[in-house]
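Observations on the model geometry
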Amino acid sequence: MKAKEILNELKPYKPGKQMEDVKREFGLERIVKLASNENPFGFSPKVKAELPKLIENFQIYPDGYTGKLREALASKLGVRNNQLVFGGGSDEVIQIICRSYLQTGTNTIMATPTFSQYKQNAVLEGTEIREVPLENGYHNLDKMLQTVDHQTRVVWLCSPNNPTGCHINQEDFYRFMDKIPHDVLVVVDEAYYEYVEANDFPDTIAALQDYPNLIVLRTFSKAYGLAGLRIGYGIANEAIIAKLDVVRGPFNTSSVAQQAALLALEDEEFLQHSVERNKENKQAFIQFCDQLGLSYYDSQTNFLLVQLPVSGDQVFQHLLSKGFIVRSGEALGVPNSVRITIGEREDMENLQKKLKEYLTLNSDF
């Protein structure tokens, strides 16, 4: 059996440690997972209340057009119904974009480090990968523009960026869009859009009217708390969406995910509650880092990438033994750091205590 040769060079996505595995390994009763930027405050109680109804009719295929959610989301965003494409998380939309636009002989441009699935899916299509290093956690848009040539098909902008949390401001975004060739697709991945506090964050949905080569990605996995159901979406002009729909599987989002997302979309109270609690707990964690003299990236998300005087792997392993799963920066392309999802206040206070104890004993801190 001969698969694609490139598969010999790639590894599957490796998620963080699972909680049950950590419990067994260290003999712990409770684990706090702060590694995958999930919503620690759960999901909309309206979704939970409707769960008995959501699990009916499993014998029937889901709505392949995602009709009800499409209509509600289009109304909320102020776009037309045919400007939306849905996927199993925004991850699948990324895969669909790569399958639609990339092939051998083309190239695609992205920052580094950034969300790993841009590169993973692009490599599978045989395209050339061009990576432009971040500057202090931010996209170097000028350098990205210089990297574009006549074979460039897709440019990826993760804003706020994962793993640094830094955003692309309005002025830089519009300058970039004005200069990029009109036949190059620009993908702005806004998975953490709901958490953004910056006043200069661009209105990318409004920008769709002026830039037919733009697609914006968002998800229900983060602030809406539906990571386990896998549903995300892209917004673009009708011509782009029509191409993506050819590649998209006919029933690629489940009935439960569609219905839950619709209920979550309507529950503004839960969304705002989650965002406010994240803001408060993140600010408290920032103050802790300031007190310890730990530097961190400017995060507009529900996580903080903290720079350390020791290896991120060491801190990861120590916190793991204490019942906290975080993400080592070594695995993300940022040595001597850890990416920590903002959790419940009590959990964050306990984590801060364990982190301070370790750094006091194991570094010049």
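Before reading further, recall that the structure is shown in the block above.
Residues numbered from 1 in each chain as written. Predicted model: local features only at pLDDT ≥ 70, side-chain atom pairs only at ≥ 80, totals over all residues. Heavy atoms only, no water.

1. What about the overall build of the chain?
Under the convention used in this document: Labels follow the DSSP assignment, with helices taken as runs of H or I lasting at least four residues and strands as runs of E lasting at least two, numbered in each case from the N terminus. Note on classification: 1.4 Å probe, protein chains only; a residue is buried when its accessible area is under 20% of the maximum for its type, exposed when over 50%, partly exposed between these limits. What makes two residues a contact is simply this: any of their non-hydrogen atoms within 4.5 Å. Per-residue accessibility takes into account occlusion by the displayed protein chains alone, with areas from the Shrake-Rupley method and a 1.4 Å probe. Positive charges come from Lys and Arg alone, negative charges from Asp and Glu alone, with His and the N- and C-terminal ends not counted. We put the charge of a Lys on NZ, of an Arg on CZ, of an Asp on CG and of a Glu on CD.
Scanning the chain for helices and strands turns up 14 helices and 12 strands. Per-residue burial for the chain yields a buried fraction of 54% across its 365 residues. Sequence-distant contacts in the chain: of pairs separated by 6 or more residues, those separated by 24 or more amount to 72%. Entry remark: accessible area of the chain is about 17300 Å², with carbon and sulfur atoms responsible for 48%. Of note, the chain has its 38 positive side-chain charges centred 4 Å away from the centre of its 48 negative side-chain charges.

2. Looking at the sheet that holds strand 3 (residues 107-112)
Rule in force here: Pairing between strands is defined by DSSP: at least two bridges between them are needed. Only C-alpha atoms enter the line fits that serve as axes; for helices the fit covers just the stretch in contact. Angles between N-to-C directions range over 0 to 180 degrees.
Strand order in the open sheet made by the 7 strands is 2-8-7-6-5-3-4, with mixed pairing throughout. Both edges of this open sheet fall to strand 2 (84-87) and strand 4 (128-133), since each of them pairs with a single strand only. Looking at each pair of strands side by side, their axes are set apart by 20 degrees on average, direction ignored. Where helix 4 (residues 67-77) meets the sheet, its contacts fall on strand 2, strand 7 (214-219) and strand 8 (232-236), and the angle it forms with strand 2 comes to roughly 125 degrees. Where helix 5 (residues 89-101) meets the sheet, its contacts fall on strand 2, strand 5 (152-158), strand 6 (185-189), strand 7 and strand 8, and the angle it forms with strand 7 comes to roughly 155 degrees.

3. A look at the packing of helix 1 (residues 19-26) against helix 13 (residues 312-321)
Put simply, the test is: Working rule for angles: under 35 degrees goes down as roughly parallel, over 145 as roughly antiparallel, 65 to 115 as roughly perpendicular, anything else as oblique. Residue type decides the class: Asp, Glu, Lys and Arg count as charged, Ala, Val, Leu, Ile, Met, Phe, Trp, Tyr, Cys and Pro as nonpolar, and the leftover types, Gly among them, as polar.
Contact pair helix 1 / helix 13: the axes reach a minimum separation of 10 Å and the direction vectors enclose 80 degrees. Classed by the angle they form, the pair helix 1 and helix 13 counts as roughly perpendicular. Counting all contacts with helix 1, which are made through Val22, Glu25 and Phe26, the residues of helix 13 involved are Gln317, Leu320 and Ser321. When its residues are assigned to classes, the contact of helix 1 with helix 13 shows 3 nonpolar, 2 polar and 1 charged.

4. Re the packing of helix 13 against helix 14 (residues 345-362)
Note the cut-off: Take the far helix as your reference; a near helix turned counterclockwise from it by less than a right angle gives a left-handed crossing, and one turned clockwise gives a right-handed crossing.
Here helix 13 crosses helix 14 at 125 degrees, and the two axes come no closer than 10 Å. One way to sum up the angle between helix 13 and helix 14 is to call them oblique. In the crossing of helix 13 with helix 14, the sense of the turn from one axis to the other is right-handed. Contact residues: Gln314, Val315, His318 and Leu319 in helix 13; Leu351, Lys354, Leu355, Tyr358 and Leu359 in helix 14.

5. A few points about empty space enclosed by the protein
Quick reminder of the rule: Cavities and pockets were defined on a 1 Å grid built from protein atoms only: a cavity is a group of points that admits a 1.4 Å probe but offers it no way out, a pocket is an open group of points flanked by protein on both sides within 12 Å along at least five of seven lines, and a lining residue is one with an atom within 4 Å of any such point. Grid points are joined across faces, edges and corners, and a volume is the space filled by probe spheres set on the points.
Under the criterion given, the structure shown has 1 cavity of 30 Å³ or more. Approximately 30 Å³ is the volume found for the largest cavity. Along the walls of the largest cavity sit Leu157, Ser159, Ile168, Phe173, Val188, Glu190, Phe201, Pro202 and Thr204, which together make up its complete lining. The residue inventory of the lining of the largest cavity, partitioned by class, reads 6 nonpolar, 2 polar and 1 charged.

6. Focus: the layout of surface pockets
The computed volume of the second largest pocket comes to approximately 450 Å³. Taken together, 27 residues line the second largest pocket, and the ones lying closest to its centre are Met19, Glu38, Asn39, Pro40 and Gly42. Listing elements by their share of the lining of the second largest pocket, those giving two or more residues are strand 1 (32-33), helix 3 (51-54) and helix 11 (255-266).

7. Regarding the packing of aromatic side chains
The geometry of an aromatic ring pair is captured by the separation of the ring centres together with the interplanar angle, meaning the angle of the planes. Put simply, the test is: Any two rings among Phe, Tyr and Trp, with Trp reduced to its six-membered ring, count as a pair given centres within 6.5 Å; such a pair is stacked if its planes are under 30 degrees apart, edge-to-face if over 60, and tilted if neither. A ring is scored as having a charge over it whenever the NZ atom of a lysine or the CZ atom of an arginine sits within 6 Å of its centre and within 35 degrees of its normal.
According to the stated counting rule, one finds 11 aromatic pairs in the structure shown. Considering the side-chain rings of Phe220 and Tyr224, the 4.9 Å spacing of their centres and the 50 degrees angle between planes classify their relative orientation as tilted. Comparing Phe220 with Tyr224, the two get one shared label, buried. Chaining the aromatic ring pairs together yields one cluster made of Phe86, Phe220, Tyr224 and Tyr233. Looking at Arg70, its charged tip hangs above the ring of Tyr65, at a distance of 3.9 Å from the centre.

8. Observations regarding the pairing of strand 7
Burial analysis of strand 7 places 6 of its 6 residues in the buried class, the great majority of the element. Side chains Leu214, Val216 and Arg218 project from strand 7 onto one buried face, and the interleaved Ile215, Leu217 and Thr219 project onto a second face that is buried too. Bridge count between strand 6 and strand 7: 4 bridges; the pairing is parallel. Pairing of Val186 across the sheet is with Leu214, part of strand 7.

9. Notes on unusual backbone geometry
Here the residue pair Thr112 and Pro113 is connected by a cis peptide bond, since its omega of -5 degrees sits within 30 degrees of zero. Note that Pro113 resides in the loop between strand 3 and helix 6 (116-124). Between Ser159 and the following residue, Pro160, the backbone shows a cis peptide bond with an omega angle of 0 degrees. Along the chain, Pro160 turns up in the loop between strand 5 and helix 8 (170-179). Unlike most non-glycine residues, Asn37 shows phi in positive territory, near 60 degrees. Among the secondary structure elements, Asn37 is positioned in the loop between strand 1 and helix 2 (45-49).

Don't take any of this as a statement about function, it's just geometry.
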